[in-house]
Amino acid sequence: MAQSNSLKACVPAYLKEAQLIKQGAEARVYRATFLGRPVVIKERFTKLYRHPEVDEKLTRRRTTQEVRSILRCRRAGINAPVVYFVDYTTHCIFLEDIVHSVSVRDHIASAQTPQHLQALVEKIGEVLAQMHDEDVIHGDLTTSNMLLVPGAEHQHIHLVLIDFGLSYISALPEDKGVDLYVLEKAFLSTHPKTETLFERLLKSYSASSKKSSAVIKKLDEVRLRGRKRSMVG
Amino acid sequence: MQLTQDLELFPEYTVTQLLFKDVKNATELRKMAVNGEIKGALINPSMVVDAFQILVATNKAVHLHKIGKMKTRSLYSEIIFNLSPTNNISEAFKRFGVSDSDCAVHIVLVHNKEENLNVDDIISKVDGQQIPVDQVSDLMDAAKIKKLYKVAPQEEKCGSLLDAVVCRMATKDVA
């Protein structure tokens, strides 16, 4: 046991030197250098309130799921951070640091007029349609989980999706509808008076995906009942 | 000429890479690596996009070595295995290891920081011309790499070939 602890100690000693940038209920996120490159490290720590065996299983499954979804997105040409290294003993994922990026949330908050944002929300709708066509459900779509990389050309918007921690694979319009519903809730509450902007996002989503009509139909259903499906009857 | 990089996760280790072209004794070198005369991994440079790709494979090999979960017998064979997108060990050696007909060799050495590495000893064993490691991308066979790693054109829209290759290497045990 003592031996396995000393073997496990490499990553924790490294993380001690790293800069903690965020702490959530599920994981801690750090910034550091790995093989000479800037990286972001997501560490899923042990939850002491869970049974150790259950905890290990859940944490492992979420780590692999996150990595799988990122790879699936990248394969389809959807921007997501490159995975450099995964440590399944300490449940750490080493990801490419998207340098000089701003979150879409901060970008929208600092924009003067909503007109500037139309191209952006259209791009978001397009990327999400592409992601759903690959049957990737993000699970936690918010404007904080989308990064904008400022580029030289104005025409081309460089959008990167991050935090696939709650993602899974599903082809069901229901799951895609809920994914959009979660975004709608988050979008309208963090950015007040943006209903027309979000409508534009949905319009662009519909135009970009072949399977969108079923999803939008589900979204209307979900709006009436909320995220959870009624199990009565 | 050679490229040296510390492994941040394993501060006691350092990785040194050397690149040679016009090599005439690939067969001999391969034999020396097999019987332990050369303590290093001999890699076919046509499969290497960038030195970073080798570092990712090496870091993973050292990690698995430390936790006792290597799939192959030695640290150096594990580096070669980690480069491959599949879990077939002999295929990994065939594609990523140096073969007798090769005329270029990429050598990877893992050593302790304090340990005085005798690079000249290795250089003297190679009958070829040493070139800077960052020229490895000039020797790569991009078409072969794309085919083996199954990189579709659409993926290169969201990143470089190196990104695509590294991402697959890092995730091959779960994807």
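Residues numbered from 1 in each chain as written. Chains lettered and ligands numbered in written order. Predicted model: local features only at pLDDT ≥ 70, side-chain atom pairs only at ≥ 80, totals over all residues. Heavy atoms only, no water.

1. Describing the overall build of chain A
Consideration 1: Summing up its helical and strand segments, chain A has 8 helices and 10 strands in all.
Consideration 2: Here chain A has a C-alpha radius of gyration of 19 Å; the compact-globule value for 233 residues is 17 Å, and the two agree.
Consideration 3: Along the first, second and third principal axes, the C-alpha set of chain A runs to 60 × 55 × 30 Å.
Consideration 4: By the burial criterion, 48% of the 233 residues in chain A qualify as buried.
Consideration 5: Of the contacts made within chain A by residues no fewer than 6 positions apart, 62% connect residues no fewer than 24 positions apart.
Consideration 6: Surface exposure of chain A reaches about 12,200 Å², of which carbon and sulfur atoms provide 55%. (Helix = DSSP H or I, 4+ residues; strand = E, 2+ residues; numbered from the N terminus. Rg over C-alpha atoms; globule rule 2.2 N^0.38 Å. Buried < 20%, exposed > 50% of the residue type's maximum accessible area, 1.4 Å probe, protein only. Contact = heavy atoms within 4.5 Å. Areas by Shrake-Rupley, 256 points an atom, 1.4 Å probe, with all protein chains shown as cover.)

2. Details of empty space enclosed by the protein
Consideration 1: With the rule as written, the count across this model stands at 2 cavities of 30 Å³ or more.
Consideration 2: If you add up the space inside the second largest cavity, you get close to 30 Å³.
Consideration 3: When contributions to the lining of the second largest cavity are tallied by element, the ones reaching two or more residues are β4 (83–87) of chain A together with α2 (51–66) and α8 (161–171) of chain B. (1 Å grid on protein atoms, 1.4 Å probe; cavity = no way out; pocket = protein on both sides within 12 Å on 5 of 7 lines; lining within 4 Å. Points joined across faces, edges and corners; volume = space filled by probe spheres on them.)

3. Considering the side chain of Thr-14 of chain B
Residue and element names in this part refer to chain B.
Consideration 1: Position of Thr-14 among the secondary structure elements: in strand β2 (residues 13–21).
Consideration 2: By relative accessible area, Thr-14 is classed as buried at 4%.
Consideration 3: Within polar-contact distance, the side chain of Thr-14 engages the side chain of Asp-6 at 3.1 Å.
Consideration 4: Among residues more than four places away in sequence, those in contact with Thr-14 are Thr-4, Gln-5, Asp-6, Leu-109, Val-110, His-111 and Lys-113. (Polar contact = N/O pair within 3.5 Å; in protein donor to acceptor, adjacent residues only side chain to side chain.)

4. Structural notes on the interface of chain A and chain B
Consideration 1: Listed per partner, the contact involves 28 residues of chain A and 27 residues of chain B.
Consideration 2: Carbon and sulfur atoms make up 65% of the area that chain A and chain B hide from each other, which totals about 2,700 Å².
Consideration 3: When the buried surface of chain A facing chain B is broken down by residue, Leu-35, Leu-71 and Arg-74 of chain A rank first, second and third, together holding 25% of it.
Consideration 4: Between the two partners, chain A and chain B, sit 1 salt bridge.
Consideration 5: A salt bridge links Arg-74 of chain A to Asp-163 of chain B; the shortest N-O distance between them is 4.0 Å.
Consideration 6: Linking chain A to chain B there are 6 residue pairs in polar contact (both at pLDDT 80 or more).
Consideration 7: For the side of chain A that touches chain B, the secondary structure elements donating two or more residues are α2 (10–17), β2 (28–34), α3 (52–75) and β4 of chain A.
Consideration 8: With 6 residues, α3 of chain A is the largest single contributor of residues to the side of chain A that touches chain B.
Consideration 9: Partitioning the side of chain A that touches chain B into residue classes produces 17 nonpolar, 6 polar and 5 charged. (Buried area = accessible area lost by both parts, 1.4 Å probe. Salt bridge = Lys/Arg side-chain N within 4 Å of Asp/Glu carboxyl O. Nonpolar A, V, L, I, M, F, W, Y, C, P; charged D, E, K, R; others polar.)

5. Focus: the layout of surface pockets
Residues and elements named next belong to chain B.
Consideration 1: Of the voids in this model, the largest pocket is the one considered here, and its volume is about 950 Å³.
Consideration 2: Of the residues assigned to the lining of the largest pocket, the class counts are 13 nonpolar, 8 polar and 12 charged.
Consideration 3: Of the pockets and cavities examined, the second largest pocket occupies roughly 470 Å³.
Consideration 4: Around the second largest pocket, the lining comprises 20 residues; the ones closest to its centre are Ala-33, Val-34, Ser-77, Ile-80 and Phe-93.
Consideration 5: Of all the secondary-structure elements, those providing two or more residues to the lining of the second largest pocket are α1 (26–34), β3 (41–43), α3 (75–83) and α4 (89–96).

6. A look at the sheet that holds β4 of chain A
Where strands meet in a sheet, backbone hydrogen bonds hold them as pairs that are either parallel or antiparallel.
Consideration 1: A sheet is described by the order of its strands in space; here 5 strands give the open sequence β1-β2-β3-β5-β4 (chain A), paired in antiparallel fashion. Each end of this open sheet is capped by a strand with a single partner; those strands are β1 (19–23) and β4 of chain A. Direction aside, the axes of adjacent strands within the sheet are offset by 25° on average.
Consideration 2: With 5 bridges connecting them, strand β3 (residues 37–43) of chain A and strand β5 (residues 92–96) of chain A associate as antiparallel partners. Across the sheet, the residue bridging to Lys-42 of chain A is Ile-93 of chain A, located in β5 of chain A.
Consideration 3: Each of β3, β4 and β5 of chain A touches α3 of chain A; the most contacted strand, β5 of chain A, lies at about 25° to it.
Consideration 4: Packed on one face of the sheet, α8 of chain B meets β3 and β4 of chain A and runs near 10° to β4 of chain A. (Pairing = 2+ DSSP bridges. Axes fitted to C-alpha atoms, helices over the stretch in contact; angles between N-to-C directions.)

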